[in-house]
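Observations on the three-dimensional arrangement
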Amino acid sequence: MDLEAVRTFVAVAEAGQFQRAAADLAVTQQAVSKRIAALERDLGVRLFTRTPRGAELTIDGQSFLPHARELLRAAERAAASVHAGRRPLRVDVLNSRGAASGLMRGFHRAHPGIALDVLMLLDIEEAVTAIRSGTIDASFRAVAAPDRPLPEDIESVRVLDEPLQLLTGPAHVLAGARSVTLAQLAGHRIWIPGLLPGSEWAAYYDDLVAEFGLTIESTGPNFGSDVLLDTVADTPALATFMGEHTRLIWPADHGLRRIPVTDPTPVYPHSLLWHRDNPHPALAALRAHLAGTAGRHDAAGTWTPDWVIQR
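These remarks concern the structure in this document.

What counts and how
- Numbering of residues begins from 1 in every chain and follows the order in which that chain's sequence is written.
- With pLDDT at 70 or above as the cut-off, local features in this predicted model cover only qualifying residues; side-chain atom pairs require 80 or more to be listed or tallied, and sums for whole chains, interfaces and linings still use all residues.
- Think of the side-chain values as coming from all heavy atoms in the structure, minus any hydrogens and water.
- Runs of H or I in DSSP of at least four residues are treated as helices and runs of E of at least two as strands, each being numbered from the N terminus.
- Within these notes, the globule rule equals 2.2 Å times the number of residues to the 0.38 power, and the radius of gyration is based on C-alpha atoms.
- Buried means the residue's accessible area, taken with a 1.4 Å probe over protein chains only, is under 20% of the maximum for its type, while exposed means over 50%, and partly exposed covers the values in between.
- Contact between two residues is taken to exist if any of their heavy atoms lie within 4.5 Å; hydrogens are not considered.
- Counting rule for charge: Lys and Arg are taken as positive, Asp and Glu as negative, and neither His nor the chain ends is counted.
- Note that the charge is assigned to NZ on lysines, CZ on arginines, CG on aspartates and CD on glutamates.
- Put simply, a salt bridge is a Lys or Arg side-chain nitrogen that is within 4 Å of an Asp or Glu carboxyl oxygen.
- Planes of paired rings set the category: under 30 degrees apart is stacked, over 60 is edge-to-face and the rest tilted, where pairs are Phe, Tyr or Trp rings (Trp by its six-membered ring) whose centres lie within 6.5 Å.
- To sit over a ring, a charge needs its Lys NZ or Arg CZ within 6 Å of the ring centre and within 35 degrees of the ring normal.
- Here, any two strands with at least 2 DSSP bridges between them count as paired.
- Looking down the strands as they point away from the viewer, one classifies a crossover as right-handed if the path from the first strand across the helix to the second runs clockwise.
- In this scheme, patches are assembled from residues that exceed 30% relative accessible area and form no salt bridge. Like charges are connected within 9 Å, while nonpolar side chains (Val, Leu, Ile, Met, Phe, Trp, Tyr) are connected within 5 Å.
- Per-residue and other accessible areas were derived by the Shrake-Rupley procedure at a 1.4 Å probe size, with only the shown protein chains allowed to occlude residues.
- Only protein atoms enter the 1 Å grid used here. Points where a 1.4 Å probe fits but cannot escape make up a cavity, open sets with protein on both sides within 12 Å along at least five of seven lines make up a pocket, and a residue lines them when an atom lies within 4 Å of a point.
- Grid points are joined across faces, edges and corners, and a volume is the space filled by probe spheres set on the points.
- The nonpolar core is taken to be a set of buried Ala, Val, Leu, Ile, Met, Phe, Trp, Tyr and Cys residues, with the residues joined through side-chain atoms within 4.5 Å.

1. Examining the overall build of the protein chain
The number of helices and strands found in the protein chain is ten helices and 13 strands. A globule of 311 residues ought to have a C-alpha radius of gyration of about 19 Å, yet the protein chain, at 30 Å, is considerably larger. Relative to its 311 residues, the protein chain shows a buried fraction of 43%. Nonlocal contacts in the protein chain, meaning residues at least 24 apart in sequence, comprise 74% of its contacts between residues at least 6 apart. Treating the 30 positive side-chain charges of the protein chain as one cloud and the 36 negative ones as another, the clouds have centres 10 Å apart.

Next up, the structure:
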């Protein structure tokens, strides 16, 4: 159904005259007549009766009028839902407790009037596909390794280098340390379940192992952070890595320790990815906010894999 014809029908019904409706719509009276005739053919009924005083709705026209108005309102709502700046900014943060989620909370505090949809996608390829299709506006990721470069239409900027910490239970041999070096971790079992082969975080830890001779185990199913914390708390021989900005709560009797890692400090590089042609004004606001809060990258005394670059 032609919405312009429906809009013309409503204008004639409200004006009571074809001529006045034409003036209201800034078209010719002939154009109004043609639109109404086409709509009547589509519906198979007469909508108006011409009288010396103008145009009166037929019974069918009276029945159609409230539906025609609702059609126009629905069209306006549909257009508004995708109008630049009116729909929420959709951003992938990977998980709700990590550093990227914290960055988005900071953005929301700074710009409470900007509507947000925060999503969690698992795989970088899924995130890139969603960015290119317009399903999401941006994603927080580590920049892809050289064997999987980002598509040319995807832009990225490094926004946060997050130091890793060692998480141990109270009986772990390193539990009392104020800090540990990467060299001290050689020979200790570090358990990180859920390291998916081919993921950017798996690539990161593969390079960390190769560089410093660490032992990282990813055996067993990933039942989530609660089970990870329970296991580390109860198993003196196990530890895990955790980002400095990861927000977790555990029972007081777990006695878990978060210990800074130094000499050098391994940092996980968070980057924001987006499509270069995305016009959403809130995306520009997010990028400006992150640029204003981003710290130094590749600082002295830190380590990241060689493939981590700022495009």
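So much for the structure itself; the text now carries on.
2. Digging into the pattern of salt bridges
Pairs can form between side chains of opposite charge whenever their charged atoms are close. Scanning the entire structure with this criterion turns up 14 salt bridges. In this structure, E70 engages R73 in a salt bridge whose closest nitrogen and oxygen atoms are separated by 3.0 Å. Taken together, the residues span about one helical turn, with E70 and R73 both in helix α4 (residues 59–82) at a distance of three residues. Among the ionic pairs, R97 bridges to D226, the shortest N-O distance being 3.9 Å. Highlighted residues: R97 in the loop between β3 (89–92) and α5 (99–110) and D226 in helix α9 (residues 225–234), separated in sequence by 129 residues. On the basis of relative accessibility, which here comes to 35%, the residue R97 falls in the partly exposed class. Given the relative accessible area of 46%, D226 is considered partly exposed.

3. A word on the packing of aromatic side chains
Inspection of every chain in the model, using the stated rule, returns eight aromatic pairs. Centre to centre, the rings of F212 and W303 are 5.6 Å apart; their planes meet at 75 degrees, and the pair counts as edge-to-face. Note that F212 is positioned in helix α8 (residues 200–212) and W303 in strand β13 (residues 302–303), a separation of 91 residues in sequence. For W303, a relative accessible area of 10% corresponds to the buried category. Following the ring pairs from residue to residue traces out a cluster consisting of Y204, Y205, F212, F241, Y268 and W303. A cation over an aromatic ring shows up here: R50 above the ring of F18, its NZ or CZ 3.9 Å from the ring centre.

4. Details of the pairing of β3
The side-chain alternation of β3 yields two buried faces, one formed by L89 and V91 and the other by R90 and D92. With four bridges connecting them, β3 and strand β4 (residues 116–119) associate as parallel partners. Residue pairing in the sheet places D92 in a bridge with L119 of β4. The parallel pair β3 and β4, bridged by α5, forms a crossover whose chirality is right-handed. Note that β3 and strand β5 (residues 138–141) share two bridges and pair parallel. Each bridged residue has a counterpart across the sheet, and for D92 the counterpart in β5 is S139.

5. Quick word on the environment of A115
Among the structural elements, A115 can be located in the loop between α5 and β4. Take A115: its relative accessible area is 39%, and that puts it in the partly exposed class. Through-space distance from the C-alpha of A115 to that of R287 is 15 Å; in sequence the pair is 172 residues apart.

6. Regarding a nonpolar patch on the surface
Together, M1, L3, L43 and L71 make up a nonpolar patch on the protein surface, roughly 330 Å² of accessible area in all. Residue position: L3 is located in helix α1 (residues 3–15).

7. Regarding the layout of surface pockets
Each pocket or cavity is described by its volume, and for the largest pocket that value is around 970 Å³. L94, N95, I192, W201 and T246 are, among the 34 residues lining the largest pocket, the residues nearest its centre. At the level of elements, α5, β5, β6 (154–168), α8, α9, β10 (238–243) and β12 (265–275) are the ones that each hand at least two residues to the lining of the largest pocket. Broken down by element, the lining of the largest pocket gets its largest block of residues, four residues, from β10.

8. Concerning the environment of L116
Its location among the elements puts L116 in strand β4. For the pair L116 and V91, spaced 25 residues apart in sequence, the C-alpha to C-alpha distance is 7.6 Å. Not counting chain neighbours up to four residues away, the residues in contact with L116 comprise P88, L89, M104, F107 and H108.

9. A short note on the nonpolar core
The nonpolar side chains of a soluble globular protein tend to be buried, and buried together. Counting residues in each nonpolar core, the largest one holds 24 residues, and the members touching the most others are L166, L185, Y205 and F241. Breaking this core down by element, the ones donating at least two residues are β6, α7 (182–185), α8, β10 and β11 (257–262). Contacts of L166, omitting those with residues within four sequence positions, involve L174, V180, L185, A239, T240, F241, R257, R258, I259 and V261. Membership of the second largest hydrophobic core comes to 20 residues, among which are A5, F48, A55 and L72.

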